[in-house]
Amino acid sequence: MTSPNPPPDRPARRAPQGLAGGLTDYGDREFALYLRRSFARSMGYTGDALERPIVGICTSESGFNNCHRHFPELIEAVKRGVHAAGALPVVFPVISLGELFLSPTSMVYRNLMAMAVEEMIRAQPMDAVVVLGGCDKTVPAMLMGAISAGKPAAMVVAGPMMTGRHRGERLGACTDCRRFWGSFRAGSIDSDEIAQIEGRLAVTAGTCAVMGTASTMALLAETLGMILPGSAAIPAVHADRLRNAEETGTLVARMAREGGPLPAEIVTPAAIRNAMRVLLAVSGSTNAVIHLAAIAGRIGMTLDLDAFNRMSDETPVLVDLKPVGQGYMEDFHHAGGLGGVLREIAPLLETGTSAVSGETLAERLARPLADPVDHAVIRRAADPVAREGGLIALSGTLAPGGAILKRAAATPALLEHEGRAVVFTSLEDLAARIDAPDLDVTAADVLVLQNAGPKSPSGMPEAGYLPIPRKLAQAGVKDMVRISDARMSGTASGTIVLHVTPEASIGGPLSLVRDGDRIRLSARKKRIDLLVAPEVLAARAAEPRPVQPVAERGYARLYNERVLPASAGCDFDFLQAGEQAS
Ligand code: FES
């Protein structure tokens, strides 16, 4: 349903142009259209089909992306919906980002994908677009690109995987991947069993089965209004996932005719603030803070980390899912999904926001749910998993520009902790020394990884989940305070401070930490401090720093030169709102 009273400041709607949209420039418009139509007809279209509004279907399937392997079937369902609504569906690819198949890390390529999405939507003749993504970075890339492209758009997400089984236990990628690998490192399971588990962790199409980055971003996409209400958590292999795709196709065909709404009318500052609330209530991935900051940047908004902390202190964690709790995404869907969460935190939400469906959040919340919420999985606000939000931002002398801690996934006793730094200067140094029998380390120490931020050669990998040194793991140590300018998988847990800004490779205070320095973490005060005298730090800062290798060509060079810090979402400076093409 469309909004009966569109706001007076709504941009003028554009009539569908179909194949005549954005013609190639030969200096003769009629000839350009004639030529385009004749080449389109070579694909077997009738003249009637070519007169219709065009709905682009932007897909990111790839042989290197296991999470998207059901996209051919989803695309057929979207096309069915578009056809039924009288428009012409045209499928086109963009690059795909399969989380486990990219080096140095998928994060580096999120902006490349966002650029491809934006440019291909803008450059090709479509009146509206359905974007399909799911695996971690693909959802923010699709949203960022669609917002900046400025054509009517809606999203279909992949949906989560189903769980597997091992010796009577449920398994789901990828919290259980880390748990079993930790057991293998500690010697409590052998190589035969770890090989058996390898084939049981990811057993269907779809995204990781826990509240990792992909699941978090799907929930945020629904909160922002860019996917149909109730669809974020439908399992990838469920028939409802296909029905959702068909309904989205029908909806976007209508959006093509009506010329809107545009993504920037859906993804408003209020919608971003609601997404921050949901991120906290589901104790979502730390990566989502970066992606949300980047999405906010595309509408000219800066994510306010002080406001984020205020929200965190008043937003309870409601969802009992791994990595923080027990369940999996299929449980969350059957328990009531995002709709169940939104109803519990309704007093904290700004309900004037709208979804692509035209429904406002207030209207959605007033609509009864089809089934009762299972409060074993989605807890009541009065009986939460935790009284405070899952994530907090830290600042202090070690991170003047901010850092992130997933306090819901931390060891409570370590949330107020002072310890001696054990420093690794790079990922290579970490790999070379973390398991050395003579490493001078105790469980009370603080592990510090330097030079793994956005501008480092490693491109901010998910290396913030530093392994517990083998000799401590074998002695039963499960968690330590770990600090870096890297990211962490949304499926990981521990007392882990991430995204330290400014990063070490550009000379941030993190680069000045030395073995034996004292570091203090206080989640209560939301601080992370390096307890070293300023004059000592000034002397260290004056020492020559090791020269970081810099990419000399291609995308790696563009990335290195133009990427913004984690606090600004690691977007490129020239892609934020204000710099985008009109
Ligand atoms: Fe694709 Fe986890 S690997 S979502």
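This report concerns the structure included in the present document. For clarity, every value in this text was computed on a predicted model and none was experimentally measured. (Residues numbered from 1 in each chain as written. Predicted model: local features only at pLDDT ≥ 70, side-chain atom pairs only at ≥ 80, totals over all residues. Heavy atoms only, no water.)

1. Structural notes on the overall build of the protein chain
Then comes step 1: Per the secondary structure count, the protein chain includes 20 helices and 14 strands.
Then comes step 2: Over its C-alpha atoms the protein chain spans a radius of gyration of 24 Å, differing by no more than 12% from the 25 Å that the globule rule assigns to 582 residues.
Then comes step 3: Each principal axis of the C-alpha distribution contributes one length, and for the protein chain these read about 75 × 55 × 50 Å.
Then comes step 4: Taking all 582 residues of the protein chain together, the buried fraction comes to 57%.
Then comes step 5: Of the contacts made within the protein chain by residues no fewer than 6 positions apart, 75% connect residues no fewer than 24 positions apart.
Then comes step 6: As displayed, the protein chain offers around 22,900 Å² of accessible surface, 54% of which is attributable to carbon and sulfur atoms. (Helix = DSSP H or I, 4+ residues; strand = E, 2+ residues; numbered from the N terminus. Rg over C-alpha atoms; globule rule 2.2 N^0.38 Å. Buried < 20%, exposed > 50% of the residue type's maximum accessible area, 1.4 Å probe, protein only. Contact = heavy atoms within 4.5 Å. Areas by Shrake-Rupley, 256 points an atom, 1.4 Å probe, with all protein chains shown as cover.)

2. A closer look at the sheet that holds strand S4 (residues 153-157)
Within a sheet, neighbouring strands are paired by backbone hydrogen bonds and run either parallel or antiparallel to one another.
Then comes step 1: The parallel open sheet is built from four strands, whose spatial order is S2-S1-S3-S4. Because the sheet does not close on itself, it has two edges, and the strands there are strand S2 (88-93) and S4. Neighbour-to-neighbour, the strand axes of the sheet open up by a mean angle of 20°, direction not taken into account. (Pairing = 2+ DSSP bridges. Axes fitted to C-alpha atoms, helices over the stretch in contact; angles between N-to-C directions.)

3. Regarding the packing of aromatic side chains
Working definition: an aromatic ring pair is given by the centre-to-centre distance plus the angle between the planes.
Then comes step 1: Tallied over the entire structure, the rule returns eight aromatic pairs.
Then comes step 2: Arranged with centres 5.7 Å apart and planes meeting at 75°, the rings of Tyr559 and Phe572 form a pair that is edge-to-face. Here Tyr559 is found in helix H20 (residues 554-562), whereas its partner Phe572 is found in the segment after H20, with 13 residues between them in sequence.
Then comes step 3: By relative accessible area, which is 4% here, Tyr559 ends up buried.
Then comes step 4: Residue classification places Phe572 among the buried residues on the basis of a relative accessible area of 0%.
Then comes step 5: Ring geometry for Phe572 versus Phe574: centroids 5.4 Å apart, planes at 25°, classification stacked.
Then comes step 6: By way of ring pairs, the aromatic residues Tyr109, Tyr555, Tyr559, Phe572 and Phe574 are connected into one cluster.
Then comes step 7: Residue placement shows Arg179 over the ring face of Phe180; its charged tip is 4.5 Å from the ring centre.
Then comes step 8: Its end group placed over the ring of Tyr465, Arg482 keeps NZ or CZ at 5.4 Å from the ring centre. (Phe/Tyr/Trp six-rings, centres within 6.5 Å; stacked < 30°, edge-to-face > 60°. Lys NZ or Arg CZ within 6 Å of the ring centre and 35° of its normal.)

4. Description of helix H9 (residues 239-258)
Then comes step 1: For H9, which comprises 20 residues, the first-to-last C-alpha distance of 29 Å matches the rise-based estimate of 28 Å (1.5 Å per residue) to within 8%.
Then comes step 2: Residues of H9 that are buried include every one of Arg241, Asn244, Ala245, Thr248, Gly249, Leu251, Val252, Ala253, Met255 and Ala256, and no others.
Then comes step 3: As for H9, its buried residues are in contact with strand S1 (54-59), helix H3 (71-84), strand S3 (128-133) and S4.
Then comes step 4: Directly after H9, the chain includes Gly259, whose backbone phi takes a positive value near 75°. (Expected span 1.5 Å × (residues − 1).)

5. Re unusual backbone geometry
Then comes step 1: The peptide bond linking Ala173 to Cys174 adopts the cis configuration, its omega dihedral lying at 0°.
Then comes step 2: Structurally, the position occupied by Cys174 is in the loop between strand S6 (169-171) and helix H6 (175-186).
Then comes step 3: With an omega of 10°, the peptide bond running from Lys322 to Pro323 counts as cis.
Then comes step 4: Structurally, Pro323 is set in the loop between helix H13 (305-314) and helix H14 (329-335).
Then comes step 5: Not every positive phi belongs to a glycine, and Ser283 is a case in point at roughly 50°.

6. What about the state of the cysteines?
Then comes step 1: Within the structure shown, the criterion is met by one disulfide.
Then comes step 2: The disulfide bridge from Cys174 ends at Cys177, spanning 2.2 Å between sulfur atoms. Between Cys174 and Cys177, the S-S dihedral sits near -110°, and the bridge is therefore left-handed. Across the pair, Cys177 and Cys174 agree in class, each one buried.
Then comes step 3: For Cys570, which is in no disulfide, the shortest distance to another cysteine sulfur is to Cys135 and amounts to 18 Å.
Then comes step 4: Residue classification places Cys570 among the buried positions, given a relative accessible area of 0%. (Disulfide = S-S within 2.5 Å.)

7. Considering the environment of Ala403
Then comes step 1: Among the structural elements, Ala403 can be located in strand S8 (residues 399-405).
Then comes step 2: Sequence spacing of Ala403 and Pro502 is 99 residues, and the spatial spacing of their C-alpha atoms is 9.2 Å.
Then comes step 3: Excluding anything up to four places from it in sequence, Ala403 contacts Ile392, Ala393, Leu394, Val497, Leu498, His499 and Val500.

8. With respect to the pairing of strand S11 (residues 481-484)
Then comes step 1: Across the two faces of S11 the burial is the same, with Val481 and Ile483 and Arg482 and Ser484 all buried.
Then comes step 2: By the bridge criterion, four bridges tie strand S10 (residues 446-449) to S11 in an arrangement that is parallel. Counted as the bridge partner of Leu447 is Arg482 from S11.
Then comes step 3: With two bridges joining them, S11 and strand S12 (residues 496-501) adopt parallel strand pairing. If you follow Arg482 over to S12, its bridge partner there is Ile496.

9. Here we look at the pairing of strand S13 (residues 518-522)
Then comes step 1: Bridge count between strand S9 (residues 416-424) and S13: five bridges; the pairing is antiparallel. Within the sheet, the bridge partner assigned to Glu418 lies in S13 and is Arg520.
Then comes step 2: Here S13 runs beside strand S14 (residues 527-530); their pairing, made up of four bridges, is antiparallel. Residue Arg520 lies in a different strand from S14, and its bridge partner there is Asp529.
Then comes step 3: Turn length for the S13-S14 hairpin, with the two strands adjacent in sequence and antiparallel, is four residues, and the turn residue Lys526 shows positive phi of about 60°.

10. Details of the packing of helix H5 (residues 138-149) against helix H12 (residues 287-298)
Then comes step 1: H12 packs onto H5 with a crossing angle of 5° between their chain directions and a minimal axis gap of 9 Å. As judged from the angle between their axes, H5 and H12 are roughly parallel. When H5 is examined against H12, the residues Pro140, Leu143, Met144, Gly145, Ile147 and Ser148 are found in contact with a partner set consisting of His291, Ala294, Ile295 and Arg298.
Then comes step 2: Across the contact of H5 with H12, the residue classes tally to six nonpolar, three polar and one charged. (Parallel < 35°, antiparallel > 145°, perpendicular 65-115°, else oblique. Nonpolar A, V, L, I, M, F, W, Y, C, P; charged D, E, K, R; others polar.)

Coordinates in, geometry out; function isn't part of it.
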